[in-house]
Amino acid sequence: MIDTANQTSGDWFAGDSTDRKTMERKDPTASGADGSNWATNDPSVARNGLDAGENPINGTPKADNSVTTVLGPPYSPSTVTVTVDSSTISCCVTTTVRVTVTDEYRNAVTDTTPVTLTTDLTAEISPLTDTTESGLVTATVHGDKVGHGTITATTTEDISGTTSLTVTHSTPCTLTLTASPKAIVANGVDSATITAAVMDVCSNPVPSTTVFFTTSLGSIGSLTTTRTTDVNGKAAAALTGAVAGTAIITATADSASGTTTVNFTALPVPVGGVTYAAEGSLVPRIGVAALAVPVLFRAALLLSRHRSWPSGWGAGGSKKGKERPL
C-alpha cells in the first residue's frame, strides 16, 4: 500500500479519469480524509515513468508529486531499529551491530543522518558515532566483561532504539596455582591448601569448570582428584603426606594449567628422652615424660653430694680395695 484516501462515499477528492491524471496528496503528513489535502497531477510540474504503451504517465510513482508542499520522501527520522548478528557472545568476541533509521513511512532517512551508539555493558563499540548510508549505520561491539545489557542507538532528533546483548564466559585461558602453607610436616595429618584460580582470555573468572589436580608426592584425596570452580573461578584441594620430600602439584582446566610445590619435612627424631629438632636444638617432645630421665639423673647427682657414708668409707665415698656402693 502506497497511500490511502479515506472517503466512504462521493467522488474521488482529485484526479482526472479523462486525461488519466493521478490524484496526489499535498502534505503526506496530513490526514488522508481531508479533501483539501488532495490535488490532480500537473504534468507540467512533475511526471514520472511510462505506461505499457511507452507513453508518459500523468503521475509520479516513486517520486515527489507535482503538488506536494512537503519535501520528501524521506522525511525526518521516526524509527530506529537496532540488531546484532549474535545476541549472545563469549567474552572478548566481536559481533556486528546494525542500525536502521526510517521515517514515518518506513523510508530510509537521508544519508549522513548522525547516529550515536551507547551500551551499559563493559564493552567497546566502534565507531561510537557515525552517519547513515541508505538509512543504515554499521558498527562492531567487543565484549570485555561478562554480563547482560543493552545497546542503544540515538539520532540527533533524540529518536532511539535498543537491542539486548549477553556476554558469557569464554573457555579457560590461564590457571594460577598456589599452596598454603608451602611446607608441612610429613606426618600424614598436617595439610596444605592447594588453590587453582581459572581465568578466561579477558581475565574474567571462569565458574563451573572442572579442575584436575595431580601430585608427585603425598595425596590430594589420592594421587589425583577433581574439583569444580566456584563463582570466583576458584577450586581448592587439601594435600597431605607421610614421606619427606618435595611434592610437585599440577592443576589443569581445559587447555590451561599451572604448577606449585610443597615441601614435606621429616618428623623430629627423639634421642635419649629429648627430641632433637632438625636445627639441632633440644626440644621436649612429650612434655614431662621427655624430661623424666634428665630430672632423675640430676636428683641422684645432688643426693650423692650430700650423702653420709658408713664408717670406714672415705670422704670420697670409697674404701681401700672397694668401690663405693651406689
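First, a word on scope: everything that follows refers to the structure included in this document. (Residues numbered from 1 in each chain as written. Predicted model: local features only at pLDDT ≥ 70, side-chain atom pairs only at ≥ 80, totals over all residues. Heavy atoms only, no water.)

1. Details of the overall build of the chain
Then step 1. When helices and strands are tallied, the chain shows 1 helix and 22 strands.
Then step 2. Among the 326 residues that make up the chain, the fraction classed as buried is 29%.
Then step 3. Long-range pairs, those at least 24 residues apart, make up 50% of the contacts in the chain between residues at least 6 apart in sequence.
Then step 4. Accessible surface, the chain: about 19300 Å² in total, of which carbon and sulfur atoms supply 54%. (Helix = DSSP H or I, 4+ residues; strand = E, 2+ residues; numbered from the N terminus. Buried < 20%, exposed > 50% of the residue type's maximum accessible area, 1.4 Å probe, protein only. Contact = heavy atoms within 4.5 Å. Areas by Shrake-Rupley, 256 points an atom, 1.4 Å probe, with all protein chains shown as cover.)

2. Brief notes about the sheet that holds strand β15 (residues 210-215)
Then step 1. What the 5 strands build is an open sheet, ordered β13-β19-β18-β15-β16; its pairing is mixed. Single-partner strands in this sheet number two, and they are β13 (183-185) and β16 (224-228). Between one strand axis and the next, the sheet turns by 25° as a mean value, whatever way the strands run. (Pairing = 2+ DSSP bridges. Axes fitted to C-alpha atoms, helices over the stretch in contact; angles between N-to-C directions.)

3. Focus: the pattern of salt bridges
Then step 1. Summed over all chains, the structure comprises 1 salt bridge.
Then step 2. Its salt-bridge partner being Arg98, residue Asp85 comes within 3.1 Å of it at the nearest N-O pair. Separated by 13 residues along the polypeptide, Asp85 in the loop between β3 (79-84) and β4 (88-90) and Arg98 in strand β5 (residues 94-102) bring together distant segments of the chain.
Then step 3. A relative accessible area of 47% places Asp85 in the partly exposed class. (Salt bridge = Lys/Arg side-chain N within 4 Å of Asp/Glu carboxyl O.)

4. Digging into the environment of Thr171
Then step 1. Looking at the secondary structure, you find Thr171 in the loop between β11 (160-168) and β12 (174-180).
Then step 2. Distance in space between the C-alpha atoms of Thr171 and Ser255 is 8.8 Å, their sequence separation being 84 residues.

5. Re the side chain of Thr163
Then step 1. Residue placement: Thr163 occurs in strand β11.
Then step 2. When sequence neighbours within four positions are dropped, the list of residues in contact with Thr163 reads Val82, Thr83, Val84, Gly149, Thr150 and Ile151.

6. Concerning the state of the cysteines
Here, disulfide denotes a covalent bond that connects the sulfur atoms of two cysteines.
Then step 1. With the rule as written, the count across this model stands at 1 disulfide.
Then step 2. Residue pairing for Cys92: its cysteine sulfur links by disulfide to Cys202, the two sulfurs lying 1.1 Å apart. Between Cys92 and Cys202, the disulfide has an S-S torsion of 90° and is therefore right-handed. A residue pair is termed long-range when its members are at least 10 positions apart, and Cys92 in the loop between β4 and β5 and Cys202 in the loop between β14 (192-199) and β15 qualify at 110 residues.
Then step 3. In this structure Cys92 comes out as partly exposed when scored by relative accessible area, which is 26%.
Then step 4. Using a relative accessible area of 13% as the deciding quantity, one classes Cys202 as buried.
Then step 5. Considering cysteine sulfurs only, Cys202 is the nearest to Cys91, which forms no disulfide, with 3.3 Å between them.
Then step 6. Take Cys91: its relative accessible area is 2%, and that puts it in the buried class.
Then step 7. Left without a disulfide partner, Cys173 is nearest to the cysteine sulfur of Cys92, which lies 9.0 Å away.
Then step 8. Using a relative accessible area of 39% as the deciding quantity, one classes Cys173 as partly exposed. (Disulfide = S-S within 2.5 Å.)

7. What about the side chain of Thr229?
Then step 1. Mapped onto the elements of the fold, Thr229 is located in the loop between β16 and β17 (234-239).
Then step 2. A distance of 3.0 Å separates the side chain of Thr229 from the backbone nitrogen of Ser208, its partner in a polar contact. (Polar contact = N/O pair within 3.5 Å; in protein donor to acceptor, adjacent residues only side chain to side chain.)

8. Some words on the nonpolar core
Then step 1. Ranked by internal contacts, the top residues of the largest apolar core, which has 23 residues, are Leu175, Val211 and Phe213.
Then step 2. Of all the secondary structure elements, the ones that give two or more residues to this core are β12, β14, β15, β17, β18 (245-253) and β19 (256-265).
Then step 3. In this structure, Val211 is in contact with Leu175, Ala196, Val198, Thr225, Thr226, Arg227, Thr229, Ala235, Ala251, Thr252 and Ala253, ignoring residues within four places of it in sequence.
Then step 4. In terms of nonpolar packing, the next biggest core, distinct from the first, is built from 22 residues, Val84, Cys91, Val101 and Val141 among them. (Core = buried A, V, L, I, M, F, W, Y, C linked by side-chain atoms within 4.5 Å.)

9. Some points on the pairing of strand β10 (residues 147-155)
Strand residues, when the strand is regular, have side chains that alternate between the two faces of the sheet.
Then step 1. Summarising the sheet, strand β6 (residues 114-119) and β10 pair through 5 bridges and their orientation is antiparallel. Residue pairing in the sheet places Thr119 in a bridge with Ile151 of β10.
Then step 2. Sheet topology note: the β10/β11 ladder contains 8 bridges and is antiparallel. In the strand pairing of β11, Ile151 is matched with Thr163.
Then step 3. Counting the residues in the hairpin turn of β10 and β11 gives 4 residues, including Asp158, whose phi is positive at 65°.

10. Quick look at the sheet that holds β4
Either a parallel or an antiparallel arrangement is found when strands of a sheet pair, and the pairing is made through backbone hydrogen bonds.
Then step 1. Read across the open sheet, the 5 strands follow the order β4-β11-β10-β6-β8; overall the sheet is mixed. Of all the strands in the sheet, the pair left with one neighbour each is β4 and β8 (129-131). For this sheet the average axis-to-axis angle between neighbouring strands, irrespective of direction, equals 30°.
Then step 2. Relative to β8, β6 runs antiparallel, the two being bridged by 3 bridges. Each residue of the ladder has a partner; that of Thr116, found in β8, is Thr129.

11. Remarks on the environment of Ser203
Then step 1. Mapped onto the fold, Ser203 is located in the loop between β14 and β15.
Then step 2. A C-alpha to C-alpha distance of 9.9 Å links Ser203 and Cys92, two positions 111 residues apart in sequence.

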